[in-house]
Amino acid sequence: KWFPSCYRPGFHAERPDSNWFLEQWIPFDYANQSNNTGAIDQPDLSGGRYGNWERAPQSWIPYHPDHDDYQKIGSMRRWIARCLNMHARLREISQDDVNEAFLEAQNGNDVLLSFTNHDFRNMAPEIEKVRDYIRKAAVAHADVSFSFEEAGAGFRKCLGLSSTAPKLSCELIKLRDKKWILDVKANGDIFGPQPFLAIKTKDGRYYWENFDFVGDSHWNFTFDQEQVPIELIKTIGVAANSSSGISEVEIIDVDNYDINL
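First, a word on what this report is: a plain description of the structure on this page. Note that the structure is a prediction, hence the values are computed from the model and not measured. (Residues numbered from 1 in each chain as written. Predicted model: local features only at pLDDT ≥ 70, side-chain atom pairs only at ≥ 80, totals over all residues. Heavy atoms only, no water.)

Topic: the sheet that holds strand S7 (residues 196–201)
Reading across the sheet, the 4 strands line up as S8-S7-S11-S12 and stay open at both edges, with antiparallel pairing between neighbours. Only two strands of the sheet have a single neighbouring strand rather than two, namely strand S8 (206–209) and strand S12 (247–253). Across this sheet, the average inter-strand angle for adjacent strands is 20 degrees, counted without regard to direction. When S7 meets S8, the two strands line up antiparallel, connected through 4 bridges. Each residue of the ladder has a partner; that of Ile199, found in S8, is Tyr207. (Pairing = 2+ DSSP bridges. Helix = DSSP H or I, 4+ residues; strand = E, 2+ residues; numbered from the N terminus. Axes fitted to C-alpha atoms, helices over the stretch in contact; angles between N-to-C directions.)

Written out as structure tokens, the structure reads:
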């Protein structure tokens, strides 16, 4: 009953497969860890292992990635934001980084300053350290206004996106015995080419599947002996985001239908 609109990759590592996977469903990506400290001097991270952002923009302005290289500015749908680490052995956010965000804003740009940590440590001292960076930058750039936002709202506010909704409608239709279709329409704004389709079987297994394309904002999926028999299914989940990162989830309990085998 939940679906994400924002993503931060583990160790900030993206590859072509995750670049294209995200492009189908997730509009906001807090992945870019480009900074001005030069090459990483950690032996286990040499050669771009666990994520390489050395060629990505060092700006705090989100960008659309390139189809073949997520570090380049391109024409894909989703937005990638810069997101540096709090206290860490690499890509740690500094006072200079925060100053650069305020300077970009002072020059007339809407920027999204973000930072992260997911360690087992008590994060309070690190958060206070970054807040102190922000206090000092705010004093030096008193004409720059800013606000604290959660992840999705931060993107929307920075990019000036109005909140829209996918407005999904889902219907499970019996064509004949042992052949059913799930018919899905988006009556509003949808990010990506198709909704996300999740299937839970009666024995507790989960599957992700792709839809067949019927028309503009219209998809279906067939349940039969050649695909997934409807009698094996317990629950169907359909989810989508709008381009402004508003998530919507529809759940279908197959037990509520008369399968009539």
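Here's the deal with the side chain of Asp29
Within the secondary structure layout, Asp29 lies in strand S2 (residues 28–32). When its relative accessible area of 1% is taken as the criterion, Asp29 is described as buried. One polar contact links Asp29 to Arg78, side chain to side chain, over a distance of 3.2 Å. (Buried < 20%, exposed > 50% of the residue type's maximum accessible area, 1.4 Å probe, protein only. Polar contact = N/O pair within 3.5 Å; in protein donor to acceptor, adjacent residues only side chain to side chain.)

Regarding the packing of aromatic side chains
All told, the structure shown has 13 aromatic pairs when counted by the stated rule. Seen from their ring centres, Phe3 and Phe196 are 5.5 Å apart, and the 45 degrees between their planes marks the pair as tilted. Of this pair, Phe3 sits in the segment before strand S1 (6–7) while Phe196 sits in strand S7; the two residues are 193 residues apart in sequence, bridging distant segments of the chain. Both residues of the pair, Phe3 and Phe196, belong to the buried class. Ring centres 6.1 Å apart and planes at 90 degrees place the aromatic pair Trp180 and Tyr257 in the edge-to-face group. With Trp180 in strand S6 (residues 179–186) and Tyr257 in the segment after S12, the pair connects residues that are 77 residues apart, well separated along the chain. A connected cluster of aromatic rings, assembled from ring pairs, spans Phe3, Phe21, Trp25, Phe196 and Trp208. Above the ring of Trp60, the side-chain terminus of Arg82 is found at 4.4 Å from the ring centroid. (Phe/Tyr/Trp six-rings, centres within 6.5 Å; stacked < 30°, edge-to-face > 60°. Lys NZ or Arg CZ within 6 Å of the ring centre and 35° of its normal.)

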